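The residues making up each chain are set out below.
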Amino acid sequence: MSREWNYHPDLPLADTSVFRWPPNPRYLVDWFGRNWLTLSERVMMVILAGLLWLFAYPSLEVTKHFAHAWVMQVWAVNLLLLIVIAGGLHWYFYMRRGQGKKLKFDRRDMATGNRLWSFSDQVHDNMFWSLTSGVTQLSAFQALTMWLMANEYIPTLTFAEHPIWFVLGLILLPIWSAFHFYWVHRLLHAPILYKHVHSLHHRNVNVGPWSGFSMHPAEHLLYLTSLLIHWVVPTHPIHLYFHVIYLGPGAAMTHTGYEDLLIKDKRRLALGTFYHQLHHRYYECNYGNQEMPWDRWFGTFHDGSDEATKETRQRKKVMYQKSSG
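Predicted model only: the values in this text are computed from it and were never measured.

Conventions and cut-offs
- Residues numbered from 1 in each chain as written.
- Predicted model: local features only at pLDDT ≥ 70, side-chain atom pairs only at ≥ 80, totals over all residues.
- Heavy atoms only, no water.
- Helix = DSSP H or I, 4+ residues; strand = E, 2+ residues; numbered from the N terminus.
- Contact = heavy atoms within 4.5 Å.
- Pairing = 2+ DSSP bridges.
- Phe/Tyr/Trp six-rings, centres within 6.5 Å; stacked < 30°, edge-to-face > 60°.
- Buried < 20%, exposed > 50% of the residue type's maximum accessible area, 1.4 Å probe, protein only.
- Patch = residues over 30% accessible without salt bridge, like charges linked within 9 Å, V, L, I, M, F, W, Y side chains within 5 Å.
- Areas by Shrake-Rupley, 256 points an atom, 1.4 Å probe, with all protein chains shown as cover.
- Salt bridge = Lys/Arg side-chain N within 4 Å of Asp/Glu carboxyl O.

> Looking at this model, I keep getting lost on the side chain of Thr300. Mind explaining?
Relative to the helices and strands, Thr300 resides in the loop between helix 11 (294-297) and helix 12 (306-324). The residues contacting Thr300, other than those within four sequence positions of it, are Tyr182, Arg186, Cys285, Asn286, Tyr287, Asp295 and Arg315.

In structure tokens, the structure reads:
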């Protein structure tokens with residue numbers, strides 16, 4: 001479709017934020033239906049969270065006392081989840097080539113034979129950081145939160161007692177995560193943090209499923225503080241597990257490098273967004289995601305146009321001039 005891209009949606013990108021003003025009731029209803037009344041990515045994550053609560057993670061009764069066995073169980077479940085989800089998506093899109101390059105943003109394949117990457121291989125590098133620092137820190141945050149819940153050191157709720165808040169909590173958690181992600185992400189783009197921490201993730205200009213959770217350990221720490229909301233706001237373990245899936249394996253789904261999963265040439269599941277792909281290509285733009293208005297409000301929105309690319313490059317130049325001065 002262009003010299004720069006294998007595929008991109010219609011440009012310039014429209015404002016798809018649920019917070020745009022004035023509110024559009026019809027758009028809000030459509031957004032809710034698309035995300036919560038179909039078998040969307042989020043609905044599948046909630047279903048998976050419920051299954052993990054019932055059959056995979058240890059019960060809160062077990063987690064009242066720290067023990068090596070149940071902590072390792074949490075870690076093992078998370079390790080398997082990431083391998084199945086990120087590995088499955090990588091196998092389908094990049095090994096089996098299930099839909100060729102239809103709806104793939106970047107023309108290139110994953111990099112090999114390049115010393116920029118650990119093991120001289122982009123996928124192996126991404127797997128290493130995701131499965132070591134990523135899974136370990138994700139599991140540590142989760143295990144600590146489960147222990148706090150089990151001992152009633154933090155507020156909890158049940159569906160029977162608070163059904164409306166239970167459902168609202170599931171709907172609001174991705175919005176909270178988007179809010180948290182924007183500001184942590186802006187912090188990580190401060191030149192000193194970018195150079196020593198965030199640049200590891202940004203080696204992935206052409207992203208794949210294993211790229212999403214591939215981060216420097218310090219970035220994992222900052223990124224996963226999103227889970228601390230459960231220490232303040234009453235939630236249920238299913239909320240926690242949904243949040244864990246959203247932050248960990250969910251990052252693989254949003255970094256496939258493809259816009260949608262095609263089945264019989266029909267779009268069946270929304271995956272990556274061109275909005276975030278622009279961030280990986282041009283860096284100092286689109287720090288958040290499409291559902292939050294922060295990039296538009298604070299002048300960091302890239303709509304895919306040549307003019308936006310020029311503005312982004314100028315902003316990056318100014319940022320680094322100030323840091324060196």
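> Help me out: how do you make sense of unusual backbone geometry in this one?
Generally, phi is negative for residues other than glycine and the peptide bonds are trans, each holding for most cases. A cis amide bond links Leu11 with the next residue in sequence, Pro12, at an omega value of -5°. Note that Pro12 resides in the segment before helix 1 (25-36). Residue Pro22 is reached from Trp21 by a cis peptide bond, and omega for that bond is 0°. Along the polypeptide, Pro22 turns up in the segment before helix 1. Positioned with a positive phi, Arg97 is a non-glycine residue whose angle comes to about 55°. One can find Arg97 in the loop between helix 3 (68-95) and helix 4 (122-150).

> Explain the pairing of strand 2 (residues 266-270) to me, please; I cannot follow it from the model alone.
As a general feature of sheets, a regular strand has side chains that alternate between the two faces. Where strand 1 (residues 260-263) and strand 2 come together, 4 bridges link them in antiparallel fashion. Across the sheet, residue Leu262 finds its bridge partner in strand 2, namely Arg267. Hairpin connection of strand 1 to strand 2: 2 residues between the antiparallel strands, including Lys264 at a positive phi of 55°.

> Honestly, the packing of aromatic side chains in this entry has me stumped. Any pointers?
How two aromatic rings sit relative to each other is set out by the distance from centre to centre and by the angle between their planes. This model, assessed by the stated rule, comprises 28 aromatic pairs. Ring geometry for Phe66 against Trp70: centres 5.7 Å apart, planes inclined by 15°, an arrangement best described as stacked. Ring centres of Tyr182 and Tyr287 lie 6.2 Å apart, and the angle between their planes is 80°; on these two criteria the pair is classed as edge-to-face. Taken together, the positions of Tyr182 in helix 5 (residues 163-188) and Tyr287 in the loop between helix 10 (274-282) and helix 11 put the pair 105 residues apart, joining distant regions of the chain. The class of Tyr182 is buried, set by a relative accessible area of 1%. By relative accessible area, Tyr287 is classed as buried at 1%. In textbook terms, an aromatic cluster arises when at least three aromatic residues are bridged by ring pairs, as seen for Trp176, Phe179, Tyr182, Trp183, Tyr287, Trp294, Trp297 and Phe298.

> How do you make sense of a nonpolar patch on the surface when you look at a structure like this?
On the surface, a nonpolar cluster with roughly 740 Å² of combined accessible area is contributed by Leu39, Met44, Ile47, Leu51, Trp53, Leu54 and Phe55. Looking at the element boundaries, Ile47 is found in helix 2 (residues 41-55).

> Got a minute to help me understand the environment of Phe66 in this structure?
Relative to the helices and strands, Phe66 resides in the loop between helix 2 and helix 3. Classification of Phe66 by relative accessible area gives partly exposed; the value is 47%. The sequence separation of Phe66 and Met45 amounts to 21 residues, and the corresponding C-alpha distance is 27 Å. When residues no more than four places from it in sequence are discounted, the contact partners of Phe66 are Val71, Ala143, Leu144 and Trp147.

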